[in-house]
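Fold and geometry: a report
One-letter residues, chain by chain:
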Amino acid sequence: MSAQLSSVRSGAAEMPGEPLLSIRGLRVGFRKAGSQFEAVRGIDLDVAKGEVLGIVGESGSGKSVGMLAALGLTSKNAVVTGSVRFKGDELVGKPAREMRKIRGARIAMIFQDPLSSLNPVMTVGAQIAEAVRLHQRVTRKQAMARAVDLLNLVSIPQPERRASQYPHEFSGGMRQRAVIAMAVANDPDLLIADEPTTALDVTVQAQILAVLRSLQERLGLGLVLITHDLGVVAGHADRVAVVYSGRVVEQATVSELFADPRHPYTRGLIASIPNLEESRERLFSIDGAPPALGSLPGGCAFHPRCIHAEARCREQDPPLLDLGGRFSACHFATTLPPFHGASLAAASLETGSLTP
Amino acid sequence: MSRYILRRLIAMPFLVLGIVTIAFLITTVTKGDPLTAIVAEQQMNNPEVVAAAKARWGLDRSLPERYMIYLGNLMSGDLGTSFITKRNVGTDILYRLPATLELVFAAMIFGTTLGIVLGVLAAYFRNSLIDHGARLFALFGSSLPVFWSGLGLLFIFSVMLNWLPGPGRLDARLPLPPGITGFLTIDSLLAGNLTVFKDALWHLLLPAFVLGWTVSGTISRLVRANMLDVMSREFVLTARAKGASEFRVVIVHALRNTMVPTLTVIGYSFAYLITGAVLTETIFSWPGMGSYAVEAARALDFPAIIGVTIVGGLAFLVTNLVTDILYVVANPRVRLS
Ligand SMILES: Nc1ncnc2c1ncn2[C@@H]1O[C@H](COP(=O)(O)OP(=O)(O)OP(=O)(O)O)[C@@H](O)[C@H]1O
Ligand SMILES: [Mg+2]
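Residues numbered from 1 in each chain as written. Chains lettered and ligands numbered in written order. Predicted model: local features only at pLDDT ≥ 70, side-chain atom pairs only at ≥ 80, totals over all residues. Heavy atoms only, no water.

Thoughts on a nonpolar patch on the surface
What counts, and what does not: Patches here are clusters of residues that have more than 30% relative accessible area and form no salt bridge, with a 9 Å joining cutoff for like charges and a 5 Å cutoff for nonpolar side chains (Val, Leu, Ile, Met, Phe, Trp, Tyr). Exposure was quantified through the Shrake-Rupley algorithm and a 1.4 Å probe, taking into account, for residues, occlusion by the shown protein chains and nothing else. Put simply, a salt bridge is a Lys or Arg side-chain nitrogen that is within 4 Å of an Asp or Glu carboxyl oxygen. Each helix is a run of DSSP H or I of at least 4 residues and each strand a run of E of at least 2, with the numbering of both proceeding from the N terminus.
Together, F155, I156, V159, M160, L161 and W163 of chain B line one region of the surface with nonpolar side chains, adding up to about 640 Å² of accessible area. Examined against the element boundaries, L161 of chain B turns out to sit in the loop between α7 (146-160) and α8 (184-190).

Details of the layout of surface pockets
Filter applied, for reference: Whether a set of points on the 1 Å grid over the protein atoms alone is a cavity depends on a 1.4 Å probe fitting there but being unable to get out, while an open set qualifies as a pocket with protein on both sides within 12 Å along at least five of seven lines; lining residues are those with an atom within 4 Å of a point. Grid points are joined across faces, edges and corners, and a volume is the space filled by probe spheres set on the points. Side-chain classes are defined by residue name, with Ala, Val, Leu, Ile, Met, Phe, Trp, Tyr, Cys and Pro counting as nonpolar, Asp, Glu, Lys and Arg as charged, and the others, Gly among them, as polar.
Computed from the structure, the largest pocket encloses a volume of approximately 1,300 Å³. Around the largest pocket, the lining comprises 42 residues; the ones closest to its centre are L73, T74, S75 and K76 of chain A together with R240 of chain B. Where the lining of the largest pocket is concerned, the elements lending two or more residues are β1 (21-32), β2 (35-47), α2 (63-70), β4 (78-86) and α3 (96-102) of chain A together with α5 (89-124), α9 (194-231) and α10 (234-242) of chain B. For the lining of the largest pocket, the class distribution of residues is 23 nonpolar, nine polar and 10 charged.

Observations regarding the site of ligand 1
Residue and element names in this part refer to chain A. Worth spelling out the cut-off: Whether a residue is near a molecule or strand depends on its heavy atoms: it is near if one of them lies within 4 Å of it. Identification of polar contacts relies on pairs of N or O atoms within 3.5 Å, with a donor-acceptor requirement for protein atoms, meaning one able to donate a hydrogen and the other able to accept it, and with residues adjacent in sequence counted only if both atoms are side-chain atoms.
Residues in contact with ligand 1 amount to 17 residues; listed here are only the nearest, S59, G60, S64, V65 and H228. Here S64 contributes a side-chain N or O atom positioned 2.6 Å from an oxygen atom of ligand 1. Within the complex, 71% of the 630 Å² of free accessible area of ligand 1 lies under protein. Every element with two or more residues in the shell around ligand 1 is listed here: β1, β2 and α2. Considering every element that reaches the shell around ligand 1, the biggest residue donor is α2, with three residues. For the shell around ligand 1, the class distribution of residues is five nonpolar, eight polar and four charged.

Considering the sheet that holds β2 of chain A
Residues and elements named next belong to chain A. Just so we agree on the cut-off: Two strands form a pair only when DSSP identifies at least two bridges running between them. We call two residues in contact whenever any of their non-hydrogen atoms come within 4.5 Å of each other. Axis lines are fitted through C-alpha atoms, for helices just across the contact stretch, and the angle between N-to-C directions can take any value from 0 to 180 degrees.
The antiparallel open sheet is built from four strands, whose spatial order is β2-β1-β4-β5. The sheet is open, and its two borders are formed by β2 and β5 (89-90), each paired with just one other strand. Relative to β2, β1 runs antiparallel, the two sharing 10 bridges. The partner of R31 across the bridge, within β2, is Q36. Seen against the sheet, α2 touches β1, β2 and β4 and runs at an angle of roughly 110° to β1.

Describing the packing of helix α1 (residues 2-29) of chain B against helix α4 (residues 63-75) of chain B
All names here are of chain B. Convention followed: Should an angle fall under 35 degrees it is called roughly parallel, over 145 degrees roughly antiparallel, and 65 to 115 degrees roughly perpendicular, with every other angle called oblique. Rotating anticlockwise by less than a right angle from the far helix to the near helix defines a left-handed crossing, while the corresponding clockwise rotation defines a right-handed one.
Their axes nearest at 11 Å, the elements α1 and α4 cross at an angle of 135°. The orientation of α1 relative to α4 falls into the category oblique. As for the relative orientation of α1 and α4, their crossing is right-handed in sense. Across from L17, V20, T21, F24, L25 and T28 in α1, the residues of α4 making contact are L63, R66, Y67, Y70, L71 and L74. Partitioned by chemical class, the residues of the contact of α1 with α4 number nine nonpolar, two polar and one charged.

Looking at the interface of chain B and chain A
Filter applied, for reference: What counts as buried area is the accessible surface, traced by a 1.4 Å probe, that two parts surrender upon association, with contributions from both included.
Each partner contributes to the interface: chain B provides 21 residues, whereas chain A provides 27 residues. In total, about 2,200 Å² of surface goes out of reach between chain B and chain A, with carbon and sulfur atoms giving 58% of it. Considering only the side of chain B, the residues that lose the most area to chain A are E234, A241 and K242 of chain B, jointly responsible for 28% of the buried surface there. Between the two partners, chain B and chain A, sit two salt bridges. In this structure, the connection of chain B to chain A is made through 15 residue pairs in polar contact (both at pLDDT 80 or more). Listing elements by their share of the side of chain B that touches chain A, those giving two or more residues are α10, α11 (246-276) and α15 (332-335) of chain B. If you tally residues by element for the side of chain B that touches chain A, the top one is α10 of chain B, at seven residues. A breakdown of the residues in the side of chain B that touches chain A according to their chemical character gives eight nonpolar, five polar and eight charged.

Thoughts on the pairing of strand β9 (residues 239-244) of chain A
Regular strands show a simple pattern: their side chains alternate between the two faces of the sheet. Residues and elements named next belong to chain A. Worth spelling out the cut-off: Only protein chains enter the accessibility calculation, which uses a 1.4 Å probe; a residue whose area is less than 20% of its type maximum is buried, one above 50% is exposed, and one in between is partly exposed.
The buried fraction of β9 amounts to six of the six residues, a majority that puts the element mostly inside the structure. The two faces of β9 match: R239, A241 and V243 on one face and V240, V242 and Y244 on the other face are all buried. In the sheet, strand β3 (residues 52-56) pairs with β9 via four bridges, with the strands oriented parallel. The residue bridging I55 from the neighbouring strand is A241, located in β9. Bridge count for β9 against strand β10 (residues 247-253) is six bridges, and the pairing is antiparallel.

This is the structure in structure tokens:
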């Protein structure tokens with residue numbers, strides 16, 4: 001397989017030091033019945049080769065829309081501006097024909113709902129083979145053989161038989177495995193997984209994450225893991241970007257973020273991780289609700305819910321400040337009081353992966 | 001799955017019996033006197049002639065008796081003799097049916113193609129000019145009476161522009177090809193007569209379009225609604241994320257998922273047209289079942305009326321059965337369970 005795959009790799013020059021994916025000032029606006037609102041208001045983030053970046057944020061904060069926009073997959077009424085560079089190559093504004101050569105080949109994306117991610121009237125094998133044939137010059141038969149290999153790669157038993165079955169004959173976890181197999185069919189450099197486990201039950205979630213991680217390590221994939229679950233981030237990500245109402249408000253390595261969060265919103269998120277040992281109840285939750293996208297408050301979008309907010313926060317929207325390799329978009333990023341929720345939160349995370 | 005089809009097959013004879021019975025009873029509730037179709041007007045006052053006619057056609061017997069005799073004849077494939085043509089109704093229908101079927105098949109080609117293409121375009125370009133245009137086209141198709149659209153188009157294309165021939169199946173000066181399938185287009189091709197083929201095709205064009213237009217609206221609306229539903233599903237996004245072209249996404253992934261309900265409505269439209277082609281046939285002087293039925297009804301030709309009703313009902317039943325079987329075959333979720 002690797003002989004075929006290596007021929008597909010594009011000849012884009014890989015500049016040393018340049019991250020695999022680099023997003024700067026990405027904005028996505030939607031026109032809807034005359035009115036216009038921004039779902040993404042300037043996302044900045046980097047993903048290095050072979051790195052796992054976790055993206056966390058509340059529902060509706062623009063995580064999915066941001067990543068879809070990066071791949072040119074937003075709906076027709078969306079206006080995308082800013083810069084998305086993949087291996088130094090600008091993707092925003094790239095002609096559709098050229099984007100198609102990148103999608104599924106160099107950058108793959110999988111979605112939340114494995115139940116509806118597969119075409120119900122095509123066999124699973126045919127769908128994986130299609131992904132192969134869209135980017136590689138192989139015969140139908142070779143593509144099908146590759147599909148079986150891929151099903152095997154994601155630990156689906158009896159892959160030959162399974163390849164000829166329809167999605168409804170697969171369980172939810174198996175479907176998500178098949179979707180992952182399809183995503184890595186062309187040995188991409190970057191995989192964006194949009195809440196790949198949210199729709200699955202807990203035991204299956206762990207298996208799917210394990211499959212993703214082992215593939216990521218074996219294939220040297222850059223992985224963007226979008227999730228609601230800080231536990232998943234703690235267990236699987238190298239770095240984290242925290243998104244609040246369409247902006248990245250903090251970006252840091254996992255250990256830095258949990259040990260010393262530099263944005264009040266991140267602190268709230270960490271403190272509100274459910275404590276498994278004591279009860280299912282949340283220890284803490286952030287007061288209020290995220291703002292409606294059409295009517296953002298002036299200044300920092302988080303200030304109405306922030307316990308540290310001052311006059312300045314109502315007037316100025318803080319930029320994402322570089323704090324020496326990590327970033328925070330808070331006026332008081334360097335002067336916030338020490339954080340005590342971390343030990344509590346760390347105790348509630350099953351994994352010991354917080355300490356590197 | 002085969003169980004389901006078997007059940008449907010077992011039900012068929014009972015449905016057929018029901019159709020026969022109803023067709024037979026309908027003729028008894030009409031006010032008209034069939035004798036007027038048989039006996040010349042001057043002879044109506046002659047009791048001997050009337051009695052002889054009654055005895056000849058079995059009208060002197062009781063209803064149950066007549067019903068049993070009719071059923072008996074039907075078993076041996078005899079649909080009775082037409083009052084008017086004096087030929088066997090079965091022979092008459094066998095001669096007329098292919099004309100109707102040819103028209104309906106051609107109409108379905110128009111209706112299905114137009115319906116699917118417009119439905120897909122309307123869904124893909126939702127709320128655009130294309131969508132509104134398709135909606136208007138569908139609205140006209142399903143609400144304009146056929147005698148209006150048929151006569152209008154005949155006037156424009158045949159009388160004014162002289163692009164298409166007038167009513168009828170074939171130019172009267174041309175020889176009929178040897179009847180093999182009864183479809184003039186196919187028979188002429190089999191006979192290698194391109195002149196006849198071309199003429200038959202030109203004659204077929206307008207009535208087939210008029211008839212197809214009536215069902216294209218239903219099909220395009222259904223395809224549009226289903227496409228909108230399917231296009232918003234995640235597997236469409238997955239297909240795009242794979243790098244598939246828009247054409248591939250729409251046709252291979254989305255449209256294929258709407259085929260099951262579309263197939264059903266196509267089947268039912270076909271059944272509807274077989275019995276619903278009456279007006280079109282009359283306007284275009286199409287020598288099919290529909291015009292035969294109209295003539296029979298006008299003359300109170302009971303054997304012909306019953307015969308047409310039975311054959312029409314049968315065609316309806318068979319088409320629906322085939323549709324349901326195709327539904328099962330096309331749907332992996334049903335097929336495999
Ligand atoms: N096609 C669209 N047209 C208009 N608005 C949209 C469209 N797609 C998304 N939005 C809006 O953009 C906002 C961000 O949505 P997005 O799906 O990115 O949130 P998210 O962070 O992924 O949330 P979740 O965790 O629930 O998936 C939401 O308010 C959503 O309603
Ligand atoms: Mg989302």
